[in-house]
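Chain by chain, the residues:
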Amino acid sequence: MRLVLLGPPGAGKGTQARMLEKRLNVPQVASGDLLRAAVRERTALGVEAKSYMDKGALVPDDLVFKLIDERLSRPDAAGGFILDGFPRTVAQAETLAEMLNARGGARLDKVVAIIVPDEEIVKRISGRRTCRNCGAMYHVIYDPPRNQDLCNNCNTELYQRDDDAEDTVRMRLEVYATSTRPLLEHYGRLGLLSEIDGIGSPEEIKERIFRALDRAGKPGKSQ
Ligand SMILES: [Zn+2]
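A short tour of the structure in this document, coming up. Source: prediction; values computed, not measured.

Examining helix H1 (residues 13-24)
In an α-helix, one turn spans 3.6 residues, which is why side chains three or four residues apart end up on the same side.
Argument step 1. Between the first and last C-alpha of H1 there are 16 Å, a value that for twelve residues agrees with the 16 Å anticipated at 1.5 Å per step.
Argument step 2. Along H1, the positions that sit buried rather than exposed are Lys-13, Gln-16, Ala-17, Met-19 and Leu-20. Down the axis of H1, the smallest arc covering the buried residues is 165 degrees, so these residues share one side.
Argument step 3. After H1 finishes, the residue Asn-25 shows a positive phi value of roughly 60 degrees.

Notes on the pairing of strand S4 (residues 110-115)
Argument step 1. Most of S4 is tucked away: five of the six residues are buried.
Argument step 2. Pairing of strand S1 (residues 2-6) with S4 involves four bridges; the strand directions are parallel. Residue Leu-6 lies in a different strand from S4, and its bridge partner there is Ala-113.
Argument step 3. In the sheet, S4 pairs with strand S8 (residues 193-197) via five bridges, with the strands oriented parallel. Looking at the pairing, Val-112 lines up with Ser-194 of S8.

Details of a nonpolar patch on the surface
Argument step 1. Residues Val-140, Ile-141 and Tyr-142 make up a contiguous nonpolar surface patch of roughly 300 Å² in combined accessible area.
Argument step 2. Its place among the elements puts Ile-141 in the loop between strand S6 (137-139) and strand S7 (158-159).

Conventions we followed
- The numbers attached to residues start from 1 for each chain and follow its sequence in the written order.
- Totals for whole chains, interfaces and linings use all residues, but because this is a predicted model, local features are given only for residues with pLDDT of at least 70 and pairs of side-chain atoms are given and counted only at 80 or more.
- Water and hydrogen atoms were dropped before computing side-chain values, which therefore reflect all heavy atoms in the structure.
- Under the DSSP-based scheme used, a helix requires at least four consecutive residues in state H or I and a strand at least two consecutive residues in state E, with every element numbered from the N terminus.
- Multiplying 1.5 Å by the helix residue count minus one yields the expected span of that helix.
- The rule is simple: take the accessible area with a 1.4 Å probe, protein chains only, and divide by the maximum for that residue type; under 20% is buried, over 50% is exposed, in between is partly exposed.
- Note: the arc covers the axis-to-C-beta directions of the helix.
- Pairing between strands is defined by DSSP: at least two bridges between the two strands are required.
- Patch membership needs two things, relative accessible area over 30% and no salt bridge, and members are linked within 9 Å if like-charged or within 5 Å if nonpolar (Val, Leu, Ile, Met, Phe, Trp, Tyr).
- For every accessible area listed, the method is Shrake-Rupley and the probe measures 1.4 Å; residues are considered covered only by the protein chains on display.
- In what follows, salt bridge is the name for a side-chain nitrogen of Lys or Arg lying within 4 Å of a carboxyl oxygen of Asp or Glu.

This is the structure in structure tokens:
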């Protein structure tokens, strides 16, 4: 199964990708993790990527393509993969299709988009609180500390990371919506897209995704 997983920040994609890995027995390939690993391991691509990151510049697309191409050619990805964090644009999706096609005409089987309304994402992320001392994470509604604003482990004051501030979250959601809307339309036209309701427990969302994949696995049946 060759799968692309889409969803805004805070949609629970990482959790779902790990559950899918076990069920489908194919590796999760997260572009951000690949990049960090290449830099850490000082591979040729990693050294090149770092030169951009050190300048505060974006790592160019073609470098990310090379990293993904290399990852997908490893033996554990022969039976498929779960792509997470890539593609983000229609242009990247087209390059991915060419990349797969170059491997004996391989194609994507499915694109799963986890759909969560902006207000819900804002509630999830802007409620996060982090311990200044030990890094433990809490949520003011879903996972509050025993004592308000204090860490359960070390009694240190909790704070809100800049990344989790409401304004920042809304800006990231806007960027996501702008680039992803055309991407969803693109995969919709190709008949690959399943939109999954991302409200509910991780277990419930997992079941919805698995049902969508089961339908995808039965040729001749439209969804
Ligand atoms: Zn703490």
